[in-house]
Amino acid sequence: MQSLEDLILRSQKFSLPDYLVFISMLFLCIIIGIYFGFVKSVDTESEYLVGGRNMKVLPIALSLIASFISGITLLGLPTEVYSYGTQYLYVISGVLLMGITFSTVYLPVFQGLNITSTYQYLESRFDRRLRLYGSIMFAIMNVAYLPIVIYVPSLAFNQVTGVNIHICSIMLCVVCVFYTCVGGLKAVVWTDVVQVILMFAALILVAIKGTFHVNGPENVLKSALETNRIEAPVFNVDPTVRHSFWCLSVGGLFYWVQTNASSQNMIQRYLSLPSLRESRRAVWIFVTGVIILMLLCAYNGLLIFATYKDCDPLTTKLAKAKDQLLPLFVMDTLGELPGLSGMFIAGVFSAALSSLSTCLNSMSAVVLEDFCKPFVRTPLSTTATNWIMRSVVVGVGALCVCLVFVVEKMGTVLQLTMSLEAITNGPLLGIFTIGILLPAVNGTSALTGGIVGVILMSWISINAQWAIASGDLKFDTKPMSIEGCNYLFNYTSTIYTTQTPIDTESSIMPLYRISYMWYTFLGATSTIITALMVNLINGGNDPHLMDSSLISPVIRRFYGTKSKPPVKEEETIRDITDETYL
């Protein structure tokens, strides 16, 4: 009987054709960057950051899909379904609700303003303090999020080749920084188009070949049903249930609205389209694509279980990390076919490259528009502007590679990412919602609410993640087995976690056991409630004097209007205590 070590070495059988396919994808991204950077000569700020505001719907929609669906989803969602079942898929209801809410309530406001940074809206609606608050929160979250984006494909590449994770991280970042730095938004969007096609192709390929490997879809469904991995919605109202219909639909709605309405990463793409009609079309193509991709990921998770149902690779440590399950499965099913494993890894790297390039491009926009321009007394020259934008891309990329050392000590990436994002994105969503739907609330009230929201969510999220990382907070998984293993391994009774707390009488505060799907909801609602309470004390605005372009069309008919000049980037900095717009 062969040993675990021998089996691990056998799984690392990346062939020359696999390397050629993988390197070809990276080379194509570099070529696209060179084309838009030197042939098309992206010189102006508008071209670099928003593609001249004349981009086409389909490329932008595909870029939105690619930007949001990172390697975190491609590897994390199959692991979720393998370990915990299909309950998470009911988040699709939240995605559909987001499409309606975002395109009706939020998008018309952003599309009607001639802005580059999303946070320029906060200055127009409130004051300079809120703009800085929003920009700082965005920068903090991006720096926390990007190392996870880099780490995940490095895990996959390590599983199939044995190459050190940190070498993979550097390789990924260098390629992405190059084409983002050189080609701007147009290079990012068109590499995203290539990458999203690769993502879908890789997942479809794995699904088809994996289904043949287990002798048909009926065996996949049989294995899933026997272990209760295909589940009806859980309607339990207990907020500590990790995945219930309520946290997935209501909490999912808030999470997905936040990803679109308060994120520079996504809004910057919508603003590159010339009209609201085209932006709404992009929203629904995005929603459709995301749902299809999530279903593909979930099916692959069931395929993985059907393959390893008698010998769990997480328990035996054949997969060193939870999010290496899919790469291991790929090598077992596609490894004998030259080039196909390379195509899958190219798809995973594509997902990471698209998310990373999006965040880097958005960071350059925010730093330029929110941290540089407002604080200079004379307009920046074209040379200075280009230098700032590209330096941000390089600097943030280098910082995030260093932070990968921290990420590899944490838990499963899907839950980790959504938990950390909620610290800043929940309160940010609350502030944007206040601005768009509550015209009576002034800047001081909104800022107070935002600060309280960040403190509350930091307290909850960090303590919950610490409890998970330390092993104090554990949850049950679906049934696993090692009875059919045909190789030698050192068994340790490792329990992989998730659905119901094992120790309900532990010393862990119940607040830390709240489902991570409620985090964005909690951050947003605590921000809004605090702001309303403070507003009652300080008097707030007269909503009938609010500029109608700054509030949602769904409430405009209830208020009069008073035009207010848009924020001009060449303005010199004002005292941040200025309450002109309160």
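The structure we're discussing is the one just above.
What counts, and where the lines are drawn
- Residues numbered from 1 in each chain as written.
- Predicted model: local features only at pLDDT ≥ 70, side-chain atom pairs only at ≥ 80, totals over all residues.
- Heavy atoms only, no water.
- Helix = DSSP H or I, 4+ residues; strand = E, 2+ residues; numbered from the N terminus.
- Buried < 20%, exposed > 50% of the residue type's maximum accessible area, 1.4 Å probe, protein only.
- Areas by Shrake-Rupley, 256 points an atom, 1.4 Å probe, with all protein chains shown as cover.
- Phe/Tyr/Trp six-rings, centres within 6.5 Å; stacked < 30°, edge-to-face > 60°.
- Patch = residues over 30% accessible without salt bridge, like charges linked within 9 Å, V, L, I, M, F, W, Y side chains within 5 Å.
- Salt bridge = Lys/Arg side-chain N within 4 Å of Asp/Glu carboxyl O.
- Axes fitted to C-alpha atoms, helices over the stretch in contact; angles between N-to-C directions.
- Parallel < 35°, antiparallel > 145°, perpendicular 65-115°, else oblique.
- Contact = heavy atoms within 4.5 Å.
- Nonpolar A, V, L, I, M, F, W, Y, C, P; charged D, E, K, R; others polar.
- Expected span 1.5 Å × (residues − 1).

**Q** Provide a residue-level description of the overall build of the protein, including the pertinent values.
**A** Check the secondary structure of the protein and you find 21 helices and 0 strands. The buried share of the protein, taken over its 582 residues, is 61%. As presented, the protein carries roughly 21400 Å² of accessible surface, and 66% of it is formed by carbon and sulfur atoms.

**Q** Tell me what's going on with unusual backbone geometry, and back it up with residues and numbers.
**A** The phi dihedral of N215 is positive, around 65°, even though this residue is not glycine. Relative to the helices and strands, N215 is located in the loop between α9 (165–213) and α10 (217–226). The exposure class of N215 is exposed, given its relative accessible area of 58%.

**Q** Residues and numbers for the packing of aromatic side chains, please.
**A** A full pass over the atoms with the stated rule returns 15 aromatic pairs. Ring geometry for F110 and Y121: centres 5.9 Å apart, planes at 70°, overall edge-to-face. Remark: Y121 occurs in helix α7 (residues 120–125) and F110 occurs in helix α6 (residues 92–111); sequence separation between them is 11 residues. As far as the burial class goes, F110 and Y121 line up, both buried. Ring centres of W256 and F286 lie 6.4 Å apart, and the angle between their planes is 50°; this geometry places the pair in the tilted category.

**Q** Go over a nonpolar patch on the surface with me, naming the residues and quoting the values.
**A** A contiguous nonpolar surface patch, about 410 Å² in accessible area, is contributed by F27, L28, I31, I34 and F178. By residue number, the principal contributor to the nonpolar patch is helix α2 (residues 16–39), which donates 4 residues. For F178, the location among the structural elements is in helix α9. Classification of F178 by relative accessible area gives partly exposed; the value is 32%.

**Q** Help me get a handle on the packing of helix α11 (residues 245–261) against helix α20 (residues 519–538), residues and values and all.
**A** Closest axis-to-axis distance for the α11/α20 pair is 7 Å, and the angle between their directions is 75°. Viewed along their axes, α11 and α20 adopt a mutual orientation that is roughly perpendicular. In this structure, α11 uses V250, F254, Y255 and Q258 to contact α20, whose residues at the interface are T520, F521, A524 and T525. Split into classes, the residues belonging to the contact of α11 with α20 amount to 5 nonpolar, 3 polar and no charged.

**Q** Quick one: what's the story with α20, residue by residue and with numbers?
**A** Spanning 20 residues, α20 covers 29 Å between terminal C-alpha atoms, matching the ideal 28 Å at 1.5 Å per step. For α20, every residue scored as buried is listed here: Y519, T520, G523, A524, T525, S526, T527, I528, T530, A531, V534 and N535. Positioned one or two residues after α20, G539 has a phi angle of 95°, which is positive.

**Q** Now, about the packing of α10 against helix α13 (residues 276–308): what can you tell me, with residues and values included?
**A** At a minimum axis distance of 9 Å, the contact between α10 and α13 shows a crossing angle of 80°. Here α13 runs roughly perpendicular to α10, going by the angle between their axes. Contacts between α10 and α13 involve P217, N219, V220, S223 and A224 from the first element and Y299, L302, L303, F305 and A306 from the second. By residue class, the composition of the contact of α10 with α13 is 8 nonpolar, 2 polar and no charged.

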